[in-house]
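Residues per chain, in single letters:
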Amino acid sequence: SRLWKSETVARLERIRSFSNVRWTYVTPPFNLEFDDPATGEYIIGGEDCFTNDKGESHISYKDFASAMLDCAEGDYARRRVSVVGKLFTGGKYHG
């Protein structure tokens, strides 16, 4: 909804206003699948949501957790990034 989006934008702008905080804002894809296995295959992109080469916006929880750790340990300080899985492995994709 628009209200949720405006609140999210406001929170992100507030985070960006702190110069003394190291933060990374990781945005998940449209479909997060709890039961899907980890593939180790995901794409960390820019601020805008995007899809993989097959037009899918999907990732397993396990791969999303790995991507979040990569973002925390990598060169993503003071940035918002989006993440999608490279491969769709099954599960309950509703794309």
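A quick note: this is a predicted structure, and the numbers were derived from the prediction, not measured.

The rules behind these values
Residues numbered from 1 in each chain as written. Predicted model: local features only at pLDDT ≥ 70, side-chain atom pairs only at ≥ 80, totals over all residues. Heavy atoms only, no water. Helix = DSSP H or I, 4+ residues; strand = E, 2+ residues; numbered from the N terminus. Buried < 20%, exposed > 50% of the residue type's maximum accessible area, 1.4 Å probe, protein only. Contact = heavy atoms within 4.5 Å. Areas by Shrake-Rupley, 256 points an atom, 1.4 Å probe, with all protein chains shown as cover. Phe/Tyr/Trp six-rings, centres within 6.5 Å; stacked < 30°, edge-to-face > 60°. Salt bridge = Lys/Arg side-chain N within 4 Å of Asp/Glu carboxyl O. Core = buried A, V, L, I, M, F, W, Y, C linked by side-chain atoms within 4.5 Å.

Participant: Teacher, can you tell me more about the overall build of the chain here?
Facilitator: In terms of helices and strands, the chain carries two helices and five strands. Classification of the 95 residues of the chain by burial places 28% in the buried group. Nonlocal contacts in the chain, meaning residues at least 24 apart in sequence, comprise 84% of its contacts between residues at least 6 apart. Surface accessibility of the chain: about 6400 Å² in total, with carbon and sulfur atoms responsible for 53%.

Participant: What is the right way to look at the packing of aromatic side chains in this model?
Facilitator: Two aromatic rings, taken as a pair, are described by how far apart their centres are and by the angle between their planes. This model, assessed by the stated rule, comprises one aromatic pair. Measuring from ring centre to ring centre gives 5.7 Å for Phe34 and Tyr61, while their planes differ by 70 degrees; the resulting arrangement is edge-to-face. With Phe34 in the loop between strand S2 (31-33) and strand S3 (42-45) and Tyr61 in helix H2 (residues 61-73), this pair connects stretches of sequence that are 27 residues apart.

Participant: In this structure, what is going on with the pattern of salt bridges? I would like to understand it.
Facilitator: Once their charged atoms are close, side chains differing in charge can pair, the charge on each being opposite to the other. Tallied over the entire structure, the rule returns four salt bridges. We note a salt bridge from Glu47 to Arg16, for which the minimum N-O separation is 2.5 Å. Here the residue Glu47 occupies a position in the loop between S3 and strand S4 (58-60), and Arg16 occupies one in helix H1 (residues 2-16), the gap between them amounting to 31 residues. Owing to a relative accessible area of 34%, Glu47 belongs among the partly exposed residues under this scheme. With a closest N to O distance of 3.8 Å, Glu41 and Lys86 form a salt bridge. Taken together, the residues Glu41 in the loop between S2 and S3 and Lys86 in the segment after strand S5 (79-85) connect sequence positions 45 residues apart. Among the residues examined, Glu41 registers a relative accessible area of 33% and is labelled partly exposed. Since its relative accessible area comes to 41%, Lys86 is described here as partly exposed. Here the residues in one salt-bridge network are Glu13, Arg16 and Glu47, joined through shared partners.

Participant: Any chance you could explain the nonpolar core here in plain terms?
Facilitator: Soluble globular proteins tend to bury their nonpolar side chains together. Among the nonpolar cores identified, the biggest contains nine residues, and these are Val26, Tyr42, Ile59, Phe64, Ala67, Cys71, Tyr76, Val81 and Val83. Within the residue set of this core, elements represented by two or more residues are H2 and S5. If you tally residues by element for this core, the top one is H2, at three residues. Residues in contact with Val83, not counting those within four places in the same chain, are Val26, Thr27, Pro28, Pro29, Tyr42, Ile43, Ile44, Phe50, Ile59, Phe64 and Ala67.

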